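# Summary of the model geometry
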Amino acid sequence: MPALFLSHGAPPLVDDPTWVAQLRDVAAGLPKPKAILMASAHWESAPLMLGATETVPLVYDFGGFAPHYYQVRYPAPGAPDLADKVAALMPDTETVARTDRGLDHGAYVPLTVMYPDADIPVLQMSLPTLEPDRLLDIGRRLAPLRDEGVLIVGSGFTTHGLPFLRDWRPGASAPGWSREFDAWAAETLARGAVDELADFRDRAPGMPYAHPTIEHFAPMFLTLGASGDPSQAPEQPIDGFWMGLAKRSFQVA
């Protein structure tokens, strides 16, 4: 399996026909996973935590949306065997704990579009750190799971400057800081310049507006670490903007 970085969107993503079509095209181009391992920007927890493994409830970790967004269900089977494998791949210095926490919207929203039958076992893991180098190392340790048919997904957002948005329509024009950061990310990914990406806080135009907090960019490094070669030029099948935020997503071999 390849590994993915997805800009995941808020619950109304499912109402955007362009984005839905893009996510479905990505899923259609992949072999069907035997299991899915998600790491979302919306679960930061140290030590590394593994979510519900026997059943997979949802966490409606958002507010102010229409009632029907809180009625979504995604009854995917749990993945206890995958949880055991993730724990076994971590070094002794990386404590792993377990919890009954379910999938947050950074995990289940794209999955409802990509795999709507909810017939693939899903496990969510926390981000135990936001530091790129450590996430790259965790991703490298998880990479063998890809040979077993596991789809590894880092779920974030290429830009996420919510405090600086003034137009909240899905088709709003992207602010300059969002366009500039996105262009830099696209070009830097295309060159495979992992060190530059890791130094985005100091190198990228549009900072700190594009990421006033960095949890939505951090999952990218877990995905890159899980690739066969983090310096490869990944496929970038999704680009463009939603509410002015860059929804760029990529796939690594």
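Structure: above.
A brief structural summary. From a predicted model like this one, the values you see are computed outputs, not experimental measurements.

## Some thoughts on the pairing of strand β2 (residues 35–44)
Here β2 lies mainly inside the structure; 8 of its 10 residues are buried. Of the pairings in the sheet, the one linking β2 to strand β6 (residues 150–156) comprises 6 bridges and is parallel in character. When the sheet's bridge partners are listed, L37 is paired in β6 with I152. Where β2 lies against strand β5 (residues 122–127), 5 bridges are found, and the strand directions are parallel. Across the sheet, residue I36 finds its bridge partner in β5, namely V122.

## Concerning the pattern of salt bridges
Inspection of the entire model under this criterion finds 12 salt bridges. As a salt-bridge pair, R248 and D182 come within 2.8 Å of each other at their nearest N and O atoms. Of this pair, R248 sits in the loop between β9 (245–246) and β10 (249–252) while D182 sits in helix α5 (residues 176–190), and the two are 66 residues apart along the sequence. With respect to burial, R248 and D182 carry one shared label: buried. Salt-bridge contacts for D199 lead to R203; the nearest nitrogen and oxygen are separated by 3.2 Å. Among the charged side chains, a network of salt bridges with common partners joins E187, R191 and E196.

## Digging into helix α3 (residues 105–114)
Most of α3 is tucked away: 9 of the 10 residues are buried. Considered for burial, the residues of α3 that qualify are H105, G106, A107, Y108, V109, P110, L111, V113 and M114. Residues of α3 that are buried make contact with β1 (3–7), α1 (17–28), β2, β5 and β6. Residue D104 occupies the N-cap position of α3, its side-chain oxygen lying 2.9 Å from the main-chain nitrogen of G106.

## A short note on the side chain of S249
On the secondary structure map, S249 appears in strand β10. Given a relative accessible area of 2%, S249 falls into the buried group. At 3.1 Å, the side chain of S249 and the backbone oxygen of K247 are in polar contact.

Definitions and cut-offs
- Residues numbered from 1 in each chain as written.
- Predicted model: local features only at pLDDT ≥ 70, side-chain atom pairs only at ≥ 80, totals over all residues.
- Heavy atoms only, no water.
- Buried < 20%, exposed > 50% of the residue type's maximum accessible area, 1.4 Å probe, protein only.
- Helix = DSSP H or I, 4+ residues; strand = E, 2+ residues; numbered from the N terminus.
- Pairing = 2+ DSSP bridges.
- Salt bridge = Lys/Arg side-chain N within 4 Å of Asp/Glu carboxyl O.
- Contact = heavy atoms within 4.5 Å.
- Polar contact = N/O pair within 3.5 Å; in protein donor to acceptor, adjacent residues only side chain to side chain.

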